[in-house]
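Structure assessment
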Amino acid sequence: MNAEKRDFDKEAASWDEKPSRVKLAKDIAHAISKQIILKPEMDIMDFGCGTGLLAMQLRPLVRSVNGFDSSQGMLNKFNMKIAELNLNKVNTIFIDLDNGDTLTGNYDLVLSSMTLHHIKQIESLFHQFYKVIIPGGYLCIADLDLDNGQFHDDNTGVSHFGFDRATLRKVFTEAGFDNVRDIDAAEVVKPSINGEMRRFSVFLMTAQKKSGC
């Protein structure tokens, strides 16, 4: 693991140019829609939204989307899409957990895709997720299965080399969530850090906050 931060601002302009990233967002959106009944009255948070690839897939199915990210460059790219399409009820919020920022709002669904492995202390983040999700609401996390540090070309800013699903389920339950489930959501085929082509599996883990909590 590498504690140094990755500079996502520099990557923002060309982030969407990789077809594999666009396909991954579509695959995860499809997986979410199979596990959670998305309704037009729902307000959702996309934590680690980046350029909005996943949020834009789900936006037509819900009432509002707030995208949170620690990269202003990524948010700027997302804001360009919002402006070009003249979208209402789609907002971006800059947040830096390392600076003491905390999540705000009340949401029917909080989702996060391919972001958790960049977060060192995930337990405290899950408690924040729990606070901003309304009773009966949902949390959806999509991320890598254990990858032995092979997924990224450069492991700068990577705090976890994927996740063991059983261990992550415990983090969900210890934060207070119920009905924790996981499915295979997607597969990414790309060169590993040693240059060999490899298939990397991405899971979707979902859970619910009890009604009345």
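Attention here is on the structure that accompanies the text.

Procedures and definitions
Residues numbered from 1 in each chain as written. Predicted model: local features only at pLDDT ≥ 70, side-chain atom pairs only at ≥ 80, totals over all residues. Heavy atoms only, no water. Buried < 20%, exposed > 50% of the residue type's maximum accessible area, 1.4 Å probe, protein only. Helix = DSSP H or I, 4+ residues; strand = E, 2+ residues; numbered from the N terminus. Pairing = 2+ DSSP bridges. Right-handed = clockwise from strand over helix to strand, strands pointing away. Axes fitted to C-alpha atoms, helices over the stretch in contact; angles between N-to-C directions. Contact = heavy atoms within 4.5 Å. Disulfide = S-S within 2.5 Å. Core = buried A, V, L, I, M, F, W, Y, C linked by side-chain atoms within 4.5 Å.

1. Details of the pairing of strand β4 (residues 107–113)
One face of the sheet, then the other: side chains in a regular strand alternate in exactly this way. Within β4, 7 of the 7 residues are buried, which leaves it mostly tucked inside the rest of the structure. Note that strand β1 (residues 43–47) and β4 share 3 bridges and pair parallel. If you follow Ile 44 over to β4, its bridge partner there is Leu 109. Both β4 and strand β5 (residues 133–144) contribute to a ladder of 6 bridges, which runs parallel. Bridge pairing in β5 places Ser 113 opposite Ala 142. Between β4 and its parallel partner β5, the chain crosses via helix α5 (residues 122–132), and the hand of that crossover is right-handed.

2. Looking at unusual backbone geometry
A positive phi is found at Met 114, a non-glycine position, where the angle reads about 55 degrees. Looking at the element boundaries, Met 114 is found in the loop between β4 and α5. When its relative accessible area of 16% is taken as the criterion, Met 114 is described as buried. Notably, Asn 179 is not glycine yet its phi reads approximately 50 degrees, a positive angle. As for its position among the elements, Asn 179 is in strand β6 (residues 178–191). For Asn 179, a relative accessible area of 48% translates into the label partly exposed.

3. Things to note about the environment of Lys 131
Along the chain, Lys 131 falls in helix α5. A relative accessible area of 68% means that Lys 131 is categorised as exposed. Note: C-alpha distance between Lys 131 and Gly 162 (31 residues apart in sequence) is 25 Å.

4. Overview of the sheet that holds strand β3 (residues 90–94)
Across the sheet, which stays open at both edges, the 7 strands sit in the order β3-β2-β1-β4-β5-β7-β6 with mixed pairing between neighbours. Sheet topology places β3 and β6 at the edges, where each strand pairs with a single neighbour. Each neighbouring strand pair of the sheet contributes to a mean axis angle of 15 degrees, computed without reference to strand direction. Across 11 bridges, β6 lies against strand β7 (residues 197–208) in antiparallel orientation. Counted as the bridge partner of Asp 184 is Phe 203 from β7. Docked against the sheet, helix α2 (residues 19–35) engages β4, β5, β6 and β7, running at close to 160 degrees with respect to β6. Most of the contacts of helix α4 (residues 72–84) go to β3, to which it runs at about 165 degrees, and overall it touches β2 (64–69) and β3.

5. Regarding the state of the cysteines
Counted by the stated rule, this structure contains 0 disulfides. Between Cys 49, a free cysteine, and Cys 140, which holds the nearest cysteine sulfur, the sulfur-to-sulfur gap is 16 Å. Judged by its relative accessible area of 6%, Cys 49 falls in the buried class. The exposure class assigned to Cys 140 is buried, which follows from its relative accessible area of 1%.

6. Topic: the nonpolar core
One finds Ile 32, Leu 58, Leu 111, Val 202 and Leu 204 to be the most contacted residues of the largest nonpolar core, which totals 35 residues. Those elements that provide at least two residues to this core are α2, α3 (53–58), α4, β4, β5, β6 and β7. Top contributing element to this core by residue count: α2, with 5 residues. Among all residues touching Leu 58, those that are not within four sequence positions of it are Ala 29, Ile 32, Leu 38, Ile 44 and Leu 111. Within the second largest apolar cluster, 27 residues are counted, among which are Phe 129, Ile 133, Ala 175 and Phe 203.

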